[in-house]
Structure formats: structure tokens, C-alpha cells
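Residues per chain, in single letters:
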Amino acid sequence: MADTQKHHTVEKIGGTSMSRVNELRDTLFIGGRQDAGLYNRIFVVSAFGGITNLLLEHKKSGEAGVYAAFANSDGDHGWHKALDRVEREMIRAHVAVLDHPGDIERADAFVRDRLLGARNCLIDLQRLCSYGHFRLSEHMLQIRELLSGLGEAHAAFATSLMLQRAGVNARFVDLSGWRDEGDVTLDQRIEGALKDIDPASEMPIVTGFAQCAEGLMREFDRGYSEVTFSRLAALTGAREAIIHKEFHLSSADPNLVGHDAVRKLGRTNYDVADQLSNLGMEAIHPKAAKTLRQSGVPLRVTNAFEPDDPGTLIDDQPAETPAVEIVTGLDLFALEVFEQDMVGVKGYDATIIDILTRHNVRIVSKVSNANTITHYVDSSLKVLRRVEKDIQQKYPAALITSRSISMVAAVGRDLDTLAVLSRGLNALADAGLEAIGATQGPRPVDVQFIVEREIMNPAIKTLHRALVETDAQAVKAAA
Ligand SMILES: Nc1ncnc2c1ncn2[C@@H]1O[C@H](COP(=O)(O)OP(=O)(O)O)[C@@H](O)[C@H]1O
Ligand SMILES: N[C@@H](CC(=O)OP(=O)(O)O)C(=O)O
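Residues numbered from 1 in each chain as written. Chains lettered and ligands numbered in written order. Predicted model: local features only at pLDDT ≥ 70, side-chain atom pairs only at ≥ 80, totals over all residues. Heavy atoms only, no water.

Engineer: Before we go on, may I ask you to explain the pairing of strand 1 (residues 9-13) in this structure?
Structural biologist: If a strand is regular, its side chains alternate between the two faces of the sheet. Among the five residues that make up strand 1, five are buried, leaving the element largely enclosed by the rest of the structure. The pairing of strand 1 with strand 2 (residues 41-45) spans five bridges and is classified as parallel. For Glu11, the partnering residue across the bridge sits in strand 2 and is Phe43. By the bridge criterion, five bridges tie strand 1 to strand 5 (residues 240-245) in an arrangement that is parallel. Looking at strand 5, one finds that Lys12 is bridged to Ile243. (Buried < 20%, exposed > 50% of the residue type's maximum accessible area, 1.4 Å probe, protein only. Helix = DSSP H or I, 4+ residues; strand = E, 2+ residues; numbered from the N terminus. Pairing = 2+ DSSP bridges.)

Okay, structure coming up:
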């Protein structure tokens, strides 16, 4: 790309919206724009909805995709079926968004070519590793990267076909490292790919996955396309970084609480965005938020399907009026370690954390008292069993239990004057819902309620009604 421009924006489209990318052609991409007005926008796209789940593993349920099937295959070929399924679903995804038979044919060929390449690569690797000198385990990360890159490359390719057909000078920019030899950093990968592109007259459609020496997967794992997006925005000095979502960033999931009950977040800050990421809401990947914040690029989250609405601006500003901004929930496990001898002895917590870190378990929150330490963790039960075994080995007398629970959190800026904890508990009790626990830290940015999994959704609705809808009415009445 020619010298640093301040005119352009970098815009990300997530998987859910990508599955409807045809609806965005005449609005977000083209709309009323003509000629030069179309450009100075760099798009970073995720794989079509559900494709990465099939390539790797399901983000929520953990159900095996190609990667997981290959990793557990012990030389058998069960993963081939998983790859066949990816092929069918990729084709289904682009058939749903492309109109022209010529484009569909090219996209079909693209899918077949890439999947055949990936399949052969995995077969060769499996054969090589049957010799014993080569360990499959040493290549798992590269395999994960090879597989995930397929999803974004496919989506970016199909989108550029769609736009070219509509007369846009769109260009497919593949950062996935396909058949590429170079060992480049993320910055070099991005700069190399953009160096001969003029965004003032071309619209780059960039893959959300970028193959690089740091290993996007190793550092960030799922949600990586926001990392590519934010790095690209920072590196090119974008005027604004924009994430397009299926809905406005709302006070709760509109699909759950109701489209009329939720309200759009007009503005919020990075502190709130970090809490949301921690709760799996992915308003933005925390590492991506950091990059944008540090480089001074403003972040906007919009509804992709309402391109005239400015959406939510995320910056470093404090709140104008304190309020609960979002109610969201997450299924977790409560890993409880109880030992009478713990009282007054140091080191238990550090040991548990050590073990959790070794097993790569994400800690969402924790509570402790004299003889019990409970970590609320985002993990599969399988991994948690290994964690329990390791802790038990260290502390043979400890009673260790893992219980499935949900955490429902109310997040907002400056919550300290709002009595969120007590009002939330009362609202739950009034609705006949029991909280197993509740916590509020000294920094007034979130309050967490622990409930049984079966009541997570009713608890979200109840807390949203009490803490967002009622407060909004009160503010309106007072005005
Ligand atoms: N507070 C919220 N605001 C908006 N959407 C939410 C919220 N909480 C959950 N969601 C859900 O997130 C889903 C996916 O969001 P989106 O960011 O568009 O997808 P992707 O992660 O694929 O980019 C939406 O369909 C919506 O049901
Ligand atoms: N498709 C990848 C990368 C990503 O960030 O997706 P999305 O933007 O749809 O959350 C994943 O599911 O992890």
C-alpha cells in the first residue's frame, strides 16, 4: 500500500453476517456509493458461520471438527468424513450468497482445490509420522492453522467474486499462507500483501486468518480474525476500525431477550469491552482491543444490516451516567478445592493456578474463603478431569469437585452507586430464581451471579428487566 493513509477504514465482518453477505452487497458494500466513494475501505472477513466449527471443533459444544478428529485419529481415517462435510457446507454457504453460475463454478473449484491440498497434506503427514521419528504432536499447531485458514480464504474469495460481479473493483487478499514458503511476522504478512494495492481504487477483501511466525492460533486461538483486523487497522493508520455484527451491540442478546426489549449501546469503553470478552461475548477480542487502544484508532461496532446507523463507539471515555449496559451469561464449571488444612497456609492457590495454566483452562472468575478455593472456569469436562487428577495428586486430602453452573453478569461503567448486587438478587428471588452465589469486586464494572445452568436464560431476562429496562424507564421518566 502506498504511504500511510488516514482516509481509509478497516472493517470486519463476522461469520454470522458473512452467511448473509449477499444482503450486504447493495447496502454496506455499495449502497449509494459510486466510483471513488466505494473505496478507501479494507474489509477483513471471517469464515461463513459454522465453518470454523467444522474445521476445528465447535466453539460452544466442543464437538469435534476435522482438527479434533485428526488429532484423535490414531492413524484411522475418520477425519476424512469431517473434511467431506466441510466441503459440502462450504459449497452450501457460497451457493446461498452467489447468484451467477460462473461465480458458483469458480467458488466450487476453489473449495475443491484447497480441500484437496489440505487433505493430501494431512495424509502425507500421517504417513510420515507413522515412522516414529516424526511426531504428529509437534505439528498440531500448524495443522490447526492450515485448517482454519481454509475457512477465511473461502469466504474472502467468494465475497470478492460477488463484488466483482456487481462492478466493484474488489481484490481477494489471502493472508492464510497457502502454498507460501516465507516465515514472516504478522506485520510483514500484512504489509507484504498490501504493498501493491491502492485502497483508493481497489477494495481489498482480506482473510481474517493470517499465517505468521508468531502463530495467530498459538497466541489467540478462536476469534483470531479480530486480531488480524485490529493489527491491520493499526498498521495502516486507519481512520476508524469497524466491526459489523448481525445486530447492534445490545444490552442483551436480542435473540434471547427480545428485539424490542434490548437497547443499543450508544457508546461504551474498552474496560466494558474487556469484561464482555471475558464472558465469551466477544464484543471484541481483548488483545485486539489493546492494539486499537494503543494505536489510537477509534473502534466502532455496527449492525451490518443497518448501514446508516452509526452503531456503538468504543473508546476510553468514562460514562456520562452510570448504568448497567449489558447483561450476558456463560456456561462454566465451578472447580472447588476444599481442604481443612488450607487455613493459614500459603501456596494452594498458586498450585491450582499452575495446574489450570498447564492445561490451558481459562479462568473467568474466582472466590475463596478459609479452606475452599473455587475457580469458575471455561473448559470441557474432559480437561477438567485431568486438572482434578493433578490437583488431587498434589493435595491427596483435598476434596475436589467440579460442578456445571452458569454465570450471568451485569456489566457497565461506574456501577458503584447503583446497588446492582442487591437489586439483582432481589429481582432473581422475586422471579423464583435462586442464585448459588454472587460477587462484586471493588472495581465497579461488573457484578456476577452464579446460577444453575437450567435457569441461565430466565436469569438473564430477569436481570435485564430489573437492571436495564426498569432503569431506562426511570431515567426517561425523570427527564
Ligand atoms: N449483547 C449482544 N448484542 C448483540 N448480539 C448479541 C449480544 N449477545 C449475544 N449476541 C448474539 O451474537 C450473535 C452473533 O453476533 P455477531 O458478532 O454478529 O457474530 P460473529 O461472532 O459471527 O461475528 C448474534 O446473532 C446475537 O444473537
Ligand atoms: N472464524 C473464526 C475466526 C473468527 O474470529 O470468527 P468470528 O468473527 O465469526 O467470531 C472462529 O470462529 O474462531
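So much for the structure itself; the text now carries on.
Engineer: Got a minute to help me understand the pattern of salt bridges in this structure?
Structural biologist: Between side chains of opposite charge, a pair can form when the charged atoms approach closely. On inspection of all chains with the given rule, the structure shows 29 salt bridges. Ionic pairing is found between Arg25 and Asp26, a salt bridge with its closest N-O pair at 3.4 Å. In this structure Arg25 comes out as buried when scored by relative accessible area, which is 19%. Under the relative-accessibility criterion, Asp26 is labelled partly exposed at 48%. (Salt bridge = Lys/Arg side-chain N within 4 Å of Asp/Glu carboxyl O.)

Engineer: I keep staring at unusual backbone geometry and nothing clicks. Help me out?
Structural biologist: Outside of glycine, negative phi angles account for most residues, and trans bonds account for most peptide bonds. In the Ramachandran plot, Arg179 falls in the positive-phi region, its phi being about 50° despite a non-glycine side chain. Locating Arg179 in the fold gives a position in the loop between strand 3 (170-173) and helix 8 (186-194). Here Arg179 falls in the exposed class, since its relative accessible area comes to 63%. One non-glycine residue, Asn360, adopts positive backbone phi at about 60°. With respect to the secondary-structure elements, Asn360 resides in the loop between helix 14 (348-358) and strand 10 (362-368). When its relative accessible area of 71% is taken as the criterion, Asn360 is described as exposed.

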